[in-house]
Amino acid sequence: MALYLIGDVQGCDSALKRLLDEISFSPSRDTLYFLGDLVNRGPDSAGVLRRLMGYAGSVQCVLGNHDLHLLAVAHGVRKPHRQDTLHDILQAPDRPAMLDWLRGQRMALLECIEGHEVLMLHAGVLPAWTATKTVALAAEVESVLQSAAWGDFLQEMYGNEPLAWADSLSASARLRVIVNALTRLRFCDAQGQMEFTAKEGANSAPAGFMPWFDVPNRQTAGVTVAFGHWSTLGWLNRPDVLSLDTGCVWGGCLSAVRLGGGPPPPEGGAPLLQELIQVKCAQAQKPG
């Protein structure tokens, strides 16, 4: 059995098929973990969702900002953006099944791979959150998405405030901070205040801010955090961080990493990265 982490697909189903052919994926043998932004801006978002739904239990996904945007557009909470390519889902006869499947996905996953914890999410994690707390907070969002109140939640989901976490937060403000950290975060300051304007690479942090994974004393530094979202950061491979958005939709690559299956890592060490697999993608969108 092989375990693969896969970065942002964003509706590029042809590239996904080629990547799965490249790794000789077998649903009966292997497990795929997708790091969010399954849909939007690529040419075949419906194809991606139908493919993943067909793989059933051999696929696990976390939701990204584009996936939540699809739910909001479908529910009439948001209008489509100029660059959106969600029409194939919104106009499909199996639209309800695809949206219900998407609502049932996770916001964060924590897996133990060969004795080492790997935290999977779309964008980032605030420095005060442990891996266990991150998954617990993600479950609060998952619960409301899967409830009858999911439309009310989407109405209150958008906005940058509050910019920082506090355990005393409640109701929509609490859920908004969780969603923003897990699906939008790139930069924050040492106290965990989030910054949402800068979208270039790690060196573009505004004064006083830094990439979330470089905050001193980050509580998730002892696990490997695997994420996507940040195409201008690209591939990053550190013992504590795996960044897997390599810009498929912009004409870059769609990336997968195979974890485990090799010699056991040193005690307390990161799971051995066995292989990086990439396929080149046709450009579906122009930056900006």
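Scoring rules and cut-offs
Residues numbered from 1 in each chain as written. Predicted model: local features only at pLDDT ≥ 70, side-chain atom pairs only at ≥ 80, totals over all residues. Heavy atoms only, no water. Helix = DSSP H or I, 4+ residues; strand = E, 2+ residues; numbered from the N terminus. Expected span 1.5 Å × (residues − 1). Buried < 20%, exposed > 50% of the residue type's maximum accessible area, 1.4 Å probe, protein only. Contact = heavy atoms within 4.5 Å. Pairing = 2+ DSSP bridges. Arc of directions from axis to C-beta. Salt bridge = Lys/Arg side-chain N within 4 Å of Asp/Glu carboxyl O.

Colleague: Even after reading the chapter, I still don't get helix α8 (residues 171-184), so can you show me in this structure?
Modeller: One turn of an α-helix holds 3.6 residues; hence residues three or four places apart share an orientation. In this model, α8 (14 residues) spans 20 Å end to end at C-alpha, consistent with the 20 Å of a helix rising 1.5 Å per residue. Buried residues dominate α8, accounting for 10 of its 14 residues. Taken residue by residue, α8 has Arg174, Leu175, Arg176, Val177, Ile178, Val179, Asn180, Ala181, Leu182 and Thr183 as its buried positions. Buried-residue contacts for α8 involve α3 (65-74), α6 (131-145), α7 (150-157) and β7 (194-195).

Colleague: Where do I start with the sheet that holds β7 in this structure?
Modeller: One key point about sheets: their strands pair by backbone hydrogen bonds, in either a parallel or an antiparallel sense. Pairing within the open sheet is antiparallel, and its 3 strands lie in the order β7-β6-β8. Both edges of this open sheet fall to β7 and β8 (210-211), since each of them pairs with a single strand only. When strand β6 (residues 187-188) meets β8, the two strands line up antiparallel, connected through 2 bridges. Its bridge partner lying in β8, Cys188 is registered against Met210.

Colleague: Looking at this structure, how should I read helix α1 (residues 13-22)?
Modeller: Within the span of α1, buried status applies to Asp13, Ala15, Leu16, Leu19 and Leu20. Down the axis, α1 shows its buried residues gathered within 155° of arc, on one side only. Of the exposed residues in α1, those oriented more than 90 degrees away from the buried face are Ser14 and Glu22. One or two residues past the end of α1 sits Ser24, with phi positive at roughly 55°.

Colleague: Which parts of the structure should I look at to understand the pattern of salt bridges?
Modeller: Under the criterion given, the structure shown has 12 salt bridges. With a shortest N-O distance of 3.2 Å, Arg106 and Glu142 are connected by a salt bridge. One end of the pair, Arg106, is in the loop between α5 (95-103) and β4 (109-113); the other, Glu142, is in helix α6, with 36 residues separating them in the sequence. Put simply, Asp167 and Lys133 hold a salt bridge, and the shortest N to O gap is 2.6 Å. Remark: Lys133 occurs in helix α6 and Asp167 occurs in the loop between α7 and α8; sequence separation between them is 34 residues. Exposure remark for Lys133: the relative accessible area of 26% places this residue in the partly exposed category. Ionic contacts of the salt-bridge type, sharing partners, join the residues Asp214, Arg218, Arg238 and Asp240 into one network.

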